[in-house]
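Listed here are the chains, written in short residue letters.
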Amino acid sequence: MITVLTAPRTGSTWFCEYLSNLHNLTNLDEFFEDDKWNSPLAQAQGLTYLEQTPNIIFKVFPNHLLDYGDKLFGKHTSRRPNFSKNVLELQGKKYILTRKDFYAQCKSHYIASITLHFSGKPRKTEHLIFNAFWWKRTVDYLTDCYTVLGQYNKEYDCEIIDYSELSFTTTPQSKKYIRPVTWDQEPPVPDIDISKFFD
């Protein structure tokens, strides 16, 4: 079993597919994304399935394990109490997949959220009107993700891999992930170094 702990726009889809093919594993993708996992019974059934199915790989974002909706850190009552602990204590390899170029990650997530194009399919150039509210929401969300991933790294045996280390970022295949856009105003660069979360 391989668990990939990550945030959106880190190349996690490609990474999971790569590891799945390399180790002949079934790729469950974002296994715990759906709201159906919010009940204790569903969570117990999901954990049992994972325990009994070792030849798998799946990825999780912090909000999949905590499920605070739009907020993290207890600003809402978690509908999945103790779930992150139960999932992360499962046997198997754990990776934390990051993206040191946080500005690029924020722009990628913002573009995907605004255009609703989350896949890696090539797109025509689009013109975006910068929205300060959605930009702050994007930066805050991804910052919260890294705060939680940093906590997981302290508590569990994880190997950290960065987006820049994935081979698709240096091959012609990477072109399909480029989102050609123009802006009426470039988003401001957030003053955040994600390495501080993993010191």
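It should be emphasised that the depicted structure is a prediction, and the values quoted were computed from it without experimental measurement. (Residues numbered from 1 in each chain as written. Predicted model: local features only at pLDDT ≥ 70, side-chain atom pairs only at ≥ 80, totals over all residues. Heavy atoms only, no water.)

### A few points about the pattern of salt bridges
If you walk through the whole model with that rule in mind, you get six salt bridges. Here Lys 136 and Asp 140 are joined by a salt bridge, their closest N and O atoms 2.6 Å apart. Remark: Asp 140 and Lys 136 occur in helix α6 (residues 132-155); sequence separation between them is four residues, near one turn of the helix. When salt bridges that share partners are traced, they join Asp 29, Glu 30 and Lys 59 into one network. (Salt bridge = Lys/Arg side-chain N within 4 Å of Asp/Glu carboxyl O. Helix = DSSP H or I, 4+ residues; strand = E, 2+ residues; numbered from the N terminus.)

### A few points about the packing of helix α5 (residues 102-115) against α6
A pair of packed helices is captured by two measures, namely the crossing angle of their axes and the spacing between those axes. Packing of α5 against α6 leaves a shortest axis separation of 9 Å and a crossing angle of 125°. The angle between α5 and α6 places the two elements in the oblique class. Pair α5 / α6 crosses with right-handed handedness. Residues Phe 102, Tyr 103, Gln 105, Cys 106, Lys 107, His 109, Tyr 110 and Ile 114 of α5 form the contact with α6, whose participating residues are Trp 134, Trp 135, Thr 138, Val 139, Tyr 141, Leu 142, Thr 143 and Tyr 146. Residues belonging to the contact of α5 with α6 are distributed by class as follows: eleven nonpolar, four polar and one charged. (Axes fitted to C-alpha atoms, helices over the stretch in contact; angles between N-to-C directions. Parallel < 35°, antiparallel > 145°, perpendicular 65-115°, else oblique. Left-handed = near helix turned anticlockwise from the far one by under 90°. Contact = heavy atoms within 4.5 Å. Nonpolar A, V, L, I, M, F, W, Y, C, P; charged D, E, K, R; others polar.)

### A look at the nonpolar core
Counting residues in hydrophobic clusters, the biggest one holds 43 residues, and the most contacted among them are Leu 5, Phe 32, Leu 50, Phe 58 and Tyr 152. Sort the elements by how many residues they give to this core and α6 lands first, with nine residues. When neighbours within four sequence positions are excluded, Phe 32 is seen to be in contact with Trp 37, Gly 46, Leu 50, Phe 58, Val 60, His 64, Arg 80, Phe 83 and Val 87. (Core = buried A, V, L, I, M, F, W, Y, C linked by side-chain atoms within 4.5 Å. Buried < 20%, exposed > 50% of the residue type's maximum accessible area, 1.4 Å probe, protein only.)

### Notes on the pairing of strand β4 (residues 93-98)
Counted residue by residue, β4 has five buried out of six residues, so it is predominantly covered. With five bridges connecting them, strand β1 (residues 2-6) and β4 associate as parallel partners. The residue of β4 that forms the bridge with Thr 3 is Lys 94. Sheet topology note: the β4/strand β6 (residues 159-162) ladder contains four bridges and is parallel. Among the inter-strand pairings, Ile 96 is bridged to a residue of β6, identified as Ile 160. (Pairing = 2+ DSSP bridges.)

### Things to note about the confidence of the model for the protein
Summary statistics for the protein give a mean pLDDT of 88 and a share of 87% for residues scoring 70 or more. Mean pLDDT in the protein bottoms out at helix α3 (residues 62-66), which sits at 86, and peaks at β4, which reaches 98. (pLDDT = per-residue confidence, 0-100.)

### Focus: the sheet that holds strand β2 (residues 26-29)
Ordered in space as β2-β3-β1-β4-β6, the five strands form an open sheet in which the pairing is parallel. Only two strands of the sheet have a single partner each, and these edge strands are β2 and β6. Each strand axis lies, on average, 20° off the axis of its neighbour in the sheet, ignoring direction. The pairing of β1 with strand β3 (residues 56-60) spans four bridges and is parallel. For Thr 3, the partnering residue across the bridge sits in β3 and is Phe 58. Helix α1 (residues 12-23) contacts β1, β2, β3, β4 and β6 of the sheet and is inclined by roughly 165° relative to β3.

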